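# Coordinate analysis (summary)
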Amino acid sequence: MASTLASWRRLPFSVRSSPPASPAAAASGPLAAALRQIGDRVAGLRAKGARPSEQDTKRILITPAIEALGGDILDIDEVRNEYRHNAADNPVDYALFLNRSPVLFVEAKPLGHDLDDRKWIVQTINYASVAGVDWCVLTNGAEWRFYKVHAQVEADRKLFTTVRIDDPGSLDEAARVLSLLSRENMRARAIDELWQAWHVDREVQWALEQTLQDDAFAALIRKRVPQLALADIRKSLRRASIAVSYPNLFKAIGNTASGTLPVAPGPATTKNSTPVPLAGGIDSADASKADTQERRKLQSTKDLIELGRLKVGETLTIRGRDNSAARVLDGRHVEFQGQRVTFNEWGQRFTGWPSIRIYTMACLPDGRTLDELRDRDS
């Protein structure tokens, strides 16, 4: 056991116990190196047109990743395969233990299989829920999806984040996020701290965005500028582009000397504040030149696809709205309820609002908005 614990401590991203790791160290650490090898293996299999079975996927892609996180797969007090919490339960592919109690379930699917099938999501969450396990992962070896099992939301909204290890460009972040599953980080409940911050931010952001659509908000503005008619204020708000923006929490992992997981402050903010950038719409006569230049830098949905940040076939949802899923068809259109519509038409049809700020309301499966995919420095 002592040698196993030592292997966990060698991980470069222990949030509480290790010294801060720079992005360069993260990219060159043992976990990232192992993930890079697995990513290369995925690329090789795809190049050959191979379709490995679930068992092969586990053997050559998933088990090595668990070992890279420090798991001793030969010690059943740490890792068990085909684990059943009760004799009548369906087995889960991997169960990771602390103090002889399961803390994480990993359910595997074959490489190449789409993880969007809701049946698999519900099945994996149910496995964990019955066993009292609070975190589970669904993976096909290339993509890893993290679910907060006991979050009081619908199954689809239990998704915390998604990482891919088959994309060299995102390997650094994948290593940071997967390091949350290390023994020390699971013992310290680091992932729970991060979930809580993310969950609160998501709910507050949703509430703010709903408030911006509410007549009460227009009435509040009128109290400040009583000379304006309420109807004119509503029209102005429809022209405006008001973004509620949060930093990427995962960038804080391993980059803090205090051992905590702070929300990294955005530009011109304090550590405990959240930027709420306001920019006038294209018809706003008093928009500043700086704001206009800033808007011109932001990529459109077409630009995001051309840059590879948004993919054709990817599923989007309206933030905080169940049953709003739409499939990206191209840079201007999605498929929603069997119909080809523009991004804005999709948002307007689903919410019933006369206008919608689609970049701040449309979310990827990992919770990021389209606005977070944009590069403001380009």
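As shown above, the structure is provided for reference.
Here's what I pulled together on the structure shown here.

How each quantity is defined
- Residues numbered from 1 in each chain as written.
- Predicted model: local features only at pLDDT ≥ 70, side-chain atom pairs only at ≥ 80, totals over all residues.
- Heavy atoms only, no water.
- Pairing = 2+ DSSP bridges.
- Helix = DSSP H or I, 4+ residues; strand = E, 2+ residues; numbered from the N terminus.
- Core = buried A, V, L, I, M, F, W, Y, C linked by side-chain atoms within 4.5 Å.
- Buried < 20%, exposed > 50% of the residue type's maximum accessible area, 1.4 Å probe, protein only.
- Axes fitted to C-alpha atoms, helices over the stretch in contact; angles between N-to-C directions.
- Parallel < 35°, antiparallel > 145°, perpendicular 65-115°, else oblique.
- Left-handed = near helix turned anticlockwise from the far one by under 90°.
- Contact = heavy atoms within 4.5 Å.
- Nonpolar A, V, L, I, M, F, W, Y, C, P; charged D, E, K, R; others polar.

### Some points on the sheet that holds strand β10 (residues 326-328)
One open sheet holds the five strands; their spatial order is β12-β11-β10-β9-β13, and the pairing between them is antiparallel. Each having just a single partner strand, β12 (339-342) and β13 (362-363) make up the two edges of the open sheet. Of the pairings in the sheet, the one linking strand β9 (residues 315-318) to β10 comprises two bridges and is antiparallel in character. Pairing of T315 across the sheet is with R327, part of β10.

### Description of the nonpolar core
Looking at soluble globular proteins, one finds that nonpolar side chains tend to be buried together. Residues L35, W144, F146, F160 and L181 are the most contacted members of the largest nonpolar core, which totals 47 residues. Per element, the largest residue contribution to this core is seven residues, and it comes from helix α3 (residues 30-47). Counting 19 residues, the second-largest nonpolar core is a separate cluster that includes F105, L115, I125 and Y147.

### Description of the packing of α3 against helix α6 (residues 171-178)
Running from N to C, α3 and α6 cross one another at 120°; their axes reach a closest spacing of 9 Å. By the angle between their axes, α3 is oblique relative to α6. For the pair α3 and α6, the crossing hand works out as right-handed. From α3, L31, A32, L35 and R36 reach across to α6, where they touch L171, A174, A175 and L178. The residue inventory of the contact of α3 with α6, partitioned by class, reads seven nonpolar, no polar and one charged.

Purely geometric stuff here, so don't read any function into it on its own.
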